[in-house]
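Single-letter residue listing:
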Amino acid sequence: MAAKATTCQKALKNWEEAHPDQNASEAEEIKFIFQIPPIEKLETNVLNTLTNCKKLSLSSNAIDKMVPLPNLRNLEILSLSRNQIKKISGLEEIGQTLRELWLSYNVIEKLEGLQPCQKLQVLYIGNNKIKNWDEIDKLKELPEIGSVVFTGNPIYQNLQPDEGRAGVLKRVPTLKNVDGLLITEQLLKKFLA
């Protein structure tokens, strides 16, 4: 018989036991990474108690859906890599503070749902299912976006690494870092030639 999924409530209890000198509602960084058995569902009522959290890590679980987090008004970094997320959603309330969104190794096909993230500077979304280059155009709606990772997505299939980076830069020439490569003026000219 398979083990029952870890709930966010149980993960929070485990975190509190591991950090007896800290109150979770006052902590700036909370990690619920690689729970055994994995977390399958985000629980808004539990996560919304983490009101002081600036970095929330829920990577390496089995989460398939993002949820709104209206009480996390201080959140700057949200890590949901290595899950089973299909769609970017629930970012409306945290979009004004979120600076980094880590979504690599999921099953996301589209970049819809990022529009509320007007302060977003970093988007790690490598190894997903993005296969349409038009999705990259949606990054133009994010005025502060500077660093992205797209390696491992179908859009890069049959391309050399530099060809993939050039494709991203042609659509969003304001980027400063693509797939871990710092974009200098010389590189920008090369890629956009």
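Before reading further, recall that the structure is shown in the block above.
Each chain carries its own residue numbering, running from 1 in the written order of its sequence. Predicted model: local features are reported for residues with pLDDT of at least 70 only, side-chain atom pairs are reported and counted for 80 or more only, and whole-chain, interface and lining totals are derived from all residues. Water and hydrogen atoms were dropped before computing side-chain values, which therefore reflect all heavy atoms in the structure.

**Some details on the sheet that holds strand β6 (residues 147-149)**
Right, on to step 1. Read across the open sheet, the eight strands follow the order β1-β2-β3-β4-β5-β6-β7-β8; overall the sheet is mixed. Single-partner strands in this sheet number two, and they are β1 (29-31) and β8 (181-182).
Right, on to step 2. Bridge count between strand β5 (residues 122-124) and β6: three bridges; the pairing is parallel. If you follow Val122 over to β6, its bridge partner there is Ser147. Strand pairing is assigned whenever DSSP detects at least two bridges linking the two strands. Only DSSP runs of H or I covering at least 4 residues are called helices, and only runs of E covering at least 2 are called strands; the numbering of each starts at the N terminus.

**Some details on the environment of Glu29**
Right, on to step 1. Take Glu29: it is sitting in strand β1.
Right, on to step 2. Taking C-alpha positions, Glu29 is 26 Å from Phe150, a pair spaced 121 residues apart along the chain.
Right, on to step 3. The criterion used for residue contact is that any of the two residues' heavy atoms lie within 4.5 Å. Residues in contact with Glu29, not counting those within four places in the same chain, are Trp15 and Lys55.

**Some details on the side chain of Ser104**
Right, on to step 1. On the secondary structure map, Ser104 appears in the loop between β4 (100-102) and β5.
Right, on to step 2. For Ser104, a relative accessible area of 12% translates into the label buried.
Right, on to step 3. Every residue in contact with Ser104, bar those within four places of it in the chain, is listed here: Ser81, Arg82, Tyr124, Ile125, Gly126 and Asn128. Burial classification: accessible surface area is computed with a 1.4 Å probe over protein chains only, and a residue below 20% of its type maximum counts as buried, one above 50% as exposed, and the rest as partly exposed.

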